[in-house]
Amino acid sequence: MTKPADPVKFSPPEGFEAALAELESIVLEMEAGQMPLEESLEAHKRGTELLQYCHSKLQDAQQQVRLLEANTLKNFSPSGIDDR
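Residues numbered from 1 in each chain as written. Predicted model: local features only at pLDDT ≥ 70, side-chain atom pairs only at ≥ 80, totals over all residues. Heavy atoms only, no water.

The chain is annotated in an unreviewed UniProt entry as Exodeoxyribonuclease 7 small subunit from Nitrosospira multiformis. Recorded in UniProt for the chain, the comment headed Subunit (unreviewed entry) runs: "Heterooligomer composed of large and small subunits." (UniProt positions renumbered as here; feature names shortened; annotations may be inferred.)

Attention now goes to helix α1 (residues 16–32). For α1, built from 17 residues, the straight-helix expectation of 24 Å at 1.5 Å per residue is met to within 8% by its first-to-last C-alpha distance of 24 Å. Burial in α1 covers these residues: A19, L23 and I26. Considered in projection along α1, the buried side chains sweep an arc of 60 degrees and stay on one side of the axis. In this structure, α1 carries E17, L28 and E31 as exposed residues pointing more than 90 degrees from its buried face. Contacts made by the buried residues of α1 are with α2 (37–72). (Helix = DSSP H or I, 4+ residues; strand = E, 2+ residues; numbered from the N terminus. Expected span 1.5 Å × (residues − 1). Buried < 20%, exposed > 50% of the residue type's maximum accessible area, 1.4 Å probe, protein only. Arc of directions from axis to C-beta. Contact = heavy atoms within 4.5 Å.)

Attention now moves to the pattern of salt bridges. It is possible for side chains of opposite charge to pair when their charged atoms get near one another. Throughout the structure, instances matching the rule amount to three salt bridges. Among the salt bridges present, the one from K45 reaches E42, with a minimum N-O distance of 3.4 Å. Of the two residues, K45 and E42 are both situated in helix α2; the distance of three residues between them amounts to about one turn of the helix. (Salt bridge = Lys/Arg side-chain N within 4 Å of Asp/Glu carboxyl O.)

Dropping the structure here:
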């Protein structure tokens, strides 16, 4: 009986932009159709990890924007302007 392979440990991305660039690179390589099966599977796993990372970072940013909007957005009425 064969033992299941240990999950591959990928290094975390340096940031959102780095993760997105790596994800785009993986997509281009896979679309070229020249990767062996095992390499394609590993690339897919890494791509999934990067996609989840990017999605999480975007959700965090959206939440921060919501908090900022809730606390600071008010009707703007410039002072010192004469309404004629």
